[in-house]
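# Breakdown of the fold
So the chains spell out like this:
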Amino acid sequence: MQISLNINGEDHKVDVDLRRSLLDVLRHDLALTGTKKGCDHGQCGACTILLDGRRINSCLSLAVMHDGATITTIEGIGTAEDLHPLQRAFVAQDGYQCGYCTPGQIMSALAMLTEAEEGWPSYISESLEAEPDLTDDEIAERMSGNLCRCSAYPRIRQSIAEARAQMRAAK
Amino acid sequence: MKLFDYHKATGLSDAQTKTAAGATLIAGGTNLLDLMKLEIQTPEVLVDINPLGEDEIAEQDGGLRVGALVRNAALAAHPLVRQRYPVLSRALLSGASGQIRNKATTAGNLLQRTRCAYFYDTASACNKRAPGSGCDALEGRNRMNAILGVSEHCIAAHPSDMAVAMVALDAEVAVEGPEGARRIALEDLYRLPQDRPDQETTLHPGEVITAVILPPPPKGRQTYLKVRDRASYAFALASVAGIVSVDNGRITAAALAFGGIGAKPWRNRAAEAALLGQAVGPQAAEAAADVLLADAVCHGDNAFKSALTRRLIHRALRELTGETA
Ligand SMILES: Cc1cc2nc3c(=O)[nH]c(=O)nc-3n(C[C@H](O)[C@H](O)[C@H](O)COP(=O)(O)OP(=O)(O)OC[C@H]3O[C@@H](n4cnc5c(N)ncnc54)[C@H](O)[C@@H]3O)c2cc1C
Ligand code: FES
Ligand code: FES
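Residues numbered from 1 in each chain as written. Chains lettered and ligands numbered in written order. Predicted model: local features only at pLDDT ≥ 70, side-chain atom pairs only at ≥ 80, totals over all residues. Heavy atoms only, no water.

## A word on the environment of Ala236(B)
Within the secondary structure, Ala236(B) sits in the loop between strand S9 (221-227) and strand S10 (238-247). In this structure the C-alpha to C-alpha distance between Ala236(B) and Leu275(B), which are 39 residues apart in sequence, comes to 24 Å. (Helix = DSSP H or I, 4+ residues; strand = E, 2+ residues; numbered from the N terminus.)

Have a look at this one:
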């Protein structure tokens, strides 16, 4: 079946097997290998992409169900010369060790910061209605869908907090 | 994954006709695709119901009508849910991850399959997956399994957090099928395993869930507490959705629903009744726990859930009645 996808601002037409996940379309059909496959079962977050601006696991998404979708991947948020603030912060703060989970962490963090700006609470937020206060614990809870096999968690949280501060200052 | 035919539903009656003929509905796909990859479910025809819309949350009769395709994230973040049904918001936010909640739908969440390890392992006996094959969980590693509502054929726990909160809130499920539209109390959507653990719901062939109906918000305080093996992104070992009113130091109304311990989202009216009129304090929790757990059937590894549930009731009541000790 043929589907169209807008990925990082570019339109693509792809012929896909009905069983193809969005993750496999990105990696195999379009050679966008920044998005990683960890578990292929929704358990690790390495495959996180933005679908119409929201974070999802691309491994648990059938490509044919997303004909016409707008997708952002790690390749679409910055360039080597002009890194996204999250990318810069992960480098500056050592927010990774092997780096395998990093694209998923960054895409997830990007959407998580938007959720927080929109006032979404988390399970551990004291008040469900107050503006979220992104403490270290809140960042950990909101990022729990992204595992890091190297356990770089403290630096990952620090990177996200730093990027958030910079993104807010730049506004 | 086995090959299948794929159809986008052109409307509700199309979805009904196709499921009546044996097709499987797919919504967010976060549970079904996982099971299809493992070939635990092997549908021949998939019907994508996303084109049906049904993704709105609307006020209705003092309560809320939640469309079947409202995403878990959207429901948890909805201002009226946060304000009037905090137990539901918290239950949703305790489940899965930010990524999964963005795809998971209301109906898909209700109908997600068990996480019993033997259901997932196609080399094991499982009456739910392969009717008549037996149940390896009975004498196996069953610390995640249920202690209430189980049978000698199946001890699988229902994994949903959202459904537990909705059961405590007396939610109803709106369904439409070849025989027309009807509403079912959410508690009655689920069948107990008995001797047919593969038959999980009371839906008739061709029936599609269109919405969940929440009655007007109950009086009293609400909470959702979940105990699990890690701090986040894990299924419940035991959870409780509690809604309790107190007047003059006595409990005047109580709804308690439990997750992780039941073959379905578990509610026991007699345990709630045991709280009524009781003075706020640990004796009240003991009374409710005694009634609730009198029916518990444990199988070794999962025996700890009985003590865990008792403690969870204490914690929930302390929080809900404002008692600090
Ligand atoms: C790693 C991981 C962790 C998780 N942790 C938790 C957790 O802690 N707590 C929790 O509660 N859940 C958890 N989940 C489960 C998650 O909540 C479910 O996968 C999700 O809610 C299913 O919704 P869906 O729309 O994706 O369903 P789908 O996968 O699309 O469908 C599930 C079932 O519902 C049926 N269905 C869907 N819509 C309808 C309808 N309208 N009418 C009739 N039948 C319908 C489908 O046919 C299918 O059988 C977790 C999942 C994963 C992968
Ligand atoms: S690869 Fe998708 S969550 Fe692990
Ligand atoms: S940096 Fe190695 S998995 Fe996270």
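Picking up where we left off.
## Concerning the domain arrangement of chain A
All names here are of chain A. If you check the domain split of chain A, you get domain 1 (2-76) and domain 2 (85-170). Its C-alpha centre places domain 1 at a distance of 22 Å from the equivalent point of domain 2. Carbon and sulfur atoms supply 56% of the area buried between domain 1 and domain 2, which totals about 1,400 Å² over both sides. Together, Arg54, Arg55 and Ile74 form the three largest contributors to the area buried by domain 1 at its contact with domain 2, with a combined 45%. At the boundary of domain 1 and domain 2, one finds two salt bridges. Of the charged contacts, one joins Arg54 and Glu118 as a salt bridge, the two residues approaching to 2.8 Å between their closest N and O atoms. Summed over the shared surface of domain 1 and domain 2, the number is eight residue pairs in polar contact (both at pLDDT 80 or more). Mapped by element, the contributors of at least two residues to the side of domain 1 that touches domain 2 are strand S3 (48-51) and strand S4 (54-57). (Domains from an automatic or database assignment. Buried area = accessible area lost by both parts, 1.4 Å probe. Salt bridge = Lys/Arg side-chain N within 4 Å of Asp/Glu carboxyl O. Polar contact = N/O pair within 3.5 Å; in protein donor to acceptor, adjacent residues only side chain to side chain.)

## Points about the sheet that holds S10(B)
Residue and element names in this part refer to chain B. Ordered by their spatial adjacency, four strands build an open sheet running S9-S10-S11-S12, and the pairing between neighbours is antiparallel. Lying at the two open borders of the sheet, with one neighbouring strand each, are S9 and strand S12 (266-267). Where strand S11 (residues 250-259) meets S12, two bridges bridge the pair, whose relative direction is antiparallel. Considered in S12, the bridge of Phe258 is made with Trp266. Running over the sheet, helix H5 (residues 86-93) touches S9 and S10 and is turned about 15 degrees from S9. (Pairing = 2+ DSSP bridges. Contact = heavy atoms within 4.5 Å. Axes fitted to C-alpha atoms, helices over the stretch in contact; angles between N-to-C directions.)

## A closer look at the side chain of Asn302(B)
All names here are of chain B. Within the secondary structure, Asn302 sits in the loop between helix H12 (282-293) and helix H13 (304-321). Within the structure, Asn302 has its side chain in polar contact with the backbone oxygen of Ala146 (distance 3.1 Å). If sequence neighbours within four positions are ignored, Asn302 has contacts with Asn142, Arg143, Asn145, Ala146 and Ile147.

## Digging into the interface of chain A and chain B
Of the residues lining the interface, 40 residues belong to chain A; the matching set on chain B comes to 42 residues. Taking both sides of the interface into account, the surface hidden between chain A and chain B amounts to around 3,200 Å²; carbon and sulfur atoms contribute 57%. Counting across the interface, chain A meets chain B through one salt bridge. Note that Lys37(B) and Asp40(A) form a salt bridge whose closest N and O atoms lie 3.0 Å from each other. Taken together, the links from chain A to chain B amount to 22 residue pairs in polar contact (both at pLDDT 80 or more). Mapped by element, the contributors of at least two residues to the side of chain A that touches chain B are S4 and helix H3 (102-117) of chain A. Of all the elements, S4(A) adds the most residues to the side of chain A that touches chain B, at four residues. Class assignment of the residues belonging to the side of chain A that touches chain B gives a composition of 15 nonpolar, 16 polar and nine charged. (Nonpolar A, V, L, I, M, F, W, Y, C, P; charged D, E, K, R; others polar.)

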